[in-house]
Amino acid sequence: LDSLLQEIMLLTRIATCTNLNKFLSSNCSNQLRFLYPAWVHTSHNLNKKSSLIKDLKKLDESPRPALILGLAGLIPFASAPVYMLNSGFLLPDIVTAQLAYGASILSFLGGVRWGMLVNGGDKLPPSWAQYTWAVTPSLLAWCSLLIPDINMGCYLCAASLALTAFLDIQQPGYPKWFRGLRFLLSTGAVLSLLATIYCIANLGVKKHASDYLT
């Protein structure tokens, strides 16, 4: 009976609370986590999704050059799998060109964080952790080009782009429009690399005339 009364009081507190974040930081949040751990986990995920939606709504506040050039930057990513799927053949040179472009973009994104750290600020402290992560994308890009198996190189590049996007979107020091644009562009880049991986697995290499002489 006591436990039932506690649950009723807790649910009443939730129903009358207008600020979920304030409630979760209150003393009774421990009770909530104990009684309904899955609900708390879901509520935090909903808060993150809500924040992402707010960032995407700020896309119209993006500087026009950043928005246009950013969207244009998806053309080399998307054109590679589209061209191969349209031709019906796997073209290794096209795959290599796309991977090299992805690696250069990955390095550029690390440079963005480095540049933000130069300006400093409470939300972007010039710490070892921040500067170390700023150079990590370049190292991941380099490794993706060094891997002999180009398929694994595409996997590494796609995973690295997704990881950097995940961390940048959660970085409070970035403008909201930047986080929204970051999510949009990174999603396009990762999906394009995954489409190329699909081409590698399902399309045959086009034979040239000289191939039939061997």
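This section reports on the structure supplied with the text.

Side note on the overall build of the chain
For step 1, the next point in the chain: Check the secondary structure of the chain and you find 10 helices and zero strands.
For step 2, the next point in the chain: Element order for the chain, N to C, with α for helix and β for strand: α-α-α-α-α-α-α-α-α-α.
For step 3, the next point in the chain: For the chain, the proportion of its 214 residues judged to be buried stands at 31%.
For step 4, the next point in the chain: At a minimum sequence separation of 6, the contacts of the chain that also span at least 24 residues come to 66%.
For step 5, the next point in the chain: When the accessible surface of the chain is split by element, carbon and sulfur atoms take 67% of a total near 13300 Å².

Some remarks on helix H8 (residues 128–146)
For step 1, the next point in the chain: With 19 residues, H8 ought to run about 27 Å at 1.5 Å a step, and its terminal C-alpha atoms sit 27 Å apart, in line with that.
For step 2, the next point in the chain: Of all the bends found along H8, the most pronounced is centred on Val135 and spans about 25 degrees, while Pro137, a proline, follows it within four residues.
For step 3, the next point in the chain: Considered for burial, the residues of H8 that qualify are Gln130, Trp133, Ala134, Pro137, Ala141 and Ser144.
For step 4, the next point in the chain: Elements in contact with the buried residues of H8: helix H7 (92–119) and helix H9 (150–169).

Quick look at a positive patch on the surface
For step 1, the next point in the chain: The grouping of Lys54, Lys57, Lys123 and Lys176 at the surface amounts to a positive patch.
For step 2, the next point in the chain: Along the chain, Lys57 turns up in helix H4 (residues 37–57).

What to know about the packing of aromatic side chains
For step 1, the next point in the chain: Applying the stated rule across the entire model yields four aromatic pairs.
For step 2, the next point in the chain: Aromatic pair Trp114 and Tyr131: ring centres 4.7 Å apart, planes at 75 degrees, arrangement edge-to-face. One end of the pair, Trp114, is in helix H7; the other, Tyr131, is in helix H8, with 17 residues separating them in the sequence.
For step 3, the next point in the chain: On the basis of relative accessible area, Trp114 is assigned to the partly exposed category, the value being 41%.

Focus on the environment of Gln130
For step 1, the next point in the chain: Summarising the element assignment, Gln130 is placed in helix H8.
For step 2, the next point in the chain: Separated by 13 residues in the primary sequence, Gln130 and Leu117 place their C-alpha atoms 7.7 Å from one another.
For step 3, the next point in the chain: Residues contacting Gln130, with those up to four places away along its chain left out, are Arg113, Leu117, Leu124, Pro125 and Gln171.

A closer look at the pattern of salt bridges
For step 1, the next point in the chain: Tallied over the full model, the rule gives four salt bridges.
For step 2, the next point in the chain: Of the charged contacts, one joins Arg179 and Asp55 as a salt bridge, the two residues approaching to 3.1 Å between their closest N and O atoms. Of this pair, Arg179 sits in helix H10 (residues 176–202) while Asp55 sits in helix H4; the two residues are 124 residues apart in sequence, bridging distant segments of the chain. Here Arg179 matches Asp55 in class, with each residue buried.
For step 3, the next point in the chain: Lys58 serves as the salt-bridge partner of Glu61, at 3.4 Å between the closest nitrogen and oxygen.
For step 4, the next point in the chain: According to the relative accessible area criterion, Lys58 is partly exposed, its value standing at 30%.

Here we look at the packing of H7 against H9
Any two packed helices are characterised by how steeply their axes cross, that is the angle between the axes, and by the distance between the axes.
For step 1, the next point in the chain: At a closest axis distance of 10 Å, the pairing of H7 and H9 adopts a crossing angle of 25 degrees. The pairing of H7 with H9 is recorded here as roughly parallel in orientation. Once H7 is placed against H9, the crossing between them reads as left-handed. Here H7 contributes Pro92, Val95, Thr96, Leu99, Gly102, Ala103, Ile105, Leu106, Leu109 and Arg113 to the contact with H9, which in turn contributes Ile150, Gly153, Cys154, Cys157, Ser160, Leu161, Thr164, Leu167 and Asp168.

Brief notes about the nonpolar core
For step 1, the next point in the chain: Judged by nonpolar contacts, the single largest core of 25 residues is most densely connected at Phe77, Met84, Leu90, Leu161 and Leu193.
For step 2, the next point in the chain: Only helix H6 (75–87), H7, H9 and H10 provide two or more residues apiece to this core.
For step 3, the next point in the chain: Looking at this core element by element, the count peaks at seven residues for H10.
For step 4, the next point in the chain: With five residues, the next largest nonpolar core counts Leu124, Ala134, Tyr174 and Phe178 among its residues.

What to know about the side chain of Ser186
For step 1, the next point in the chain: Residue position: Ser186 is located in helix H10.
For step 2, the next point in the chain: A relative accessible area of 8% means that Ser186 is categorised as buried.
For step 3, the next point in the chain: One polar contact links Ser186 to Arg182, side chain to side chain, over a distance of 2.3 Å.
For step 4, the next point in the chain: The contact partners of Ser186, leaving out residues within four places of it in the chain, are Leu161 and Ala165.

Rules used throughout
- Residues numbered from 1 in each chain as written.
- Predicted model: local features only at pLDDT ≥ 70, side-chain atom pairs only at ≥ 80, totals over all residues.
- Heavy atoms only, no water.
- Helix = DSSP H or I, 4+ residues; strand = E, 2+ residues; numbered from the N terminus.
- Buried < 20%, exposed > 50% of the residue type's maximum accessible area, 1.4 Å probe, protein only.
- Contact = heavy atoms within 4.5 Å.
- Areas by Shrake-Rupley, 256 points an atom, 1.4 Å probe, with all protein chains shown as cover.
- Expected span 1.5 Å × (residues − 1).
- Bend = angle between axes of the 7 residues up to and from the residue.
- Patch = residues over 30% accessible without salt bridge, like charges linked within 9 Å, V, L, I, M, F, W, Y side chains within 5 Å.
- Salt bridge = Lys/Arg side-chain N within 4 Å of Asp/Glu carboxyl O.
- Lys, Arg positive; Asp, Glu negative; His and termini not counted.
- Charge placed at Lys NZ, Arg CZ, Asp CG, Glu CD.
- Phe/Tyr/Trp six-rings, centres within 6.5 Å; stacked < 30°, edge-to-face > 60°.
- Axes fitted to C-alpha atoms, helices over the stretch in contact; angles between N-to-C directions.
- Parallel < 35°, antiparallel > 145°, perpendicular 65-115°, else oblique.
- Left-handed = near helix turned anticlockwise from the far one by under 90°.
- Core = buried A, V, L, I, M, F, W, Y, C linked by side-chain atoms within 4.5 Å.
- Polar contact = N/O pair within 3.5 Å; in protein donor to acceptor, adjacent residues only side chain to side chain.

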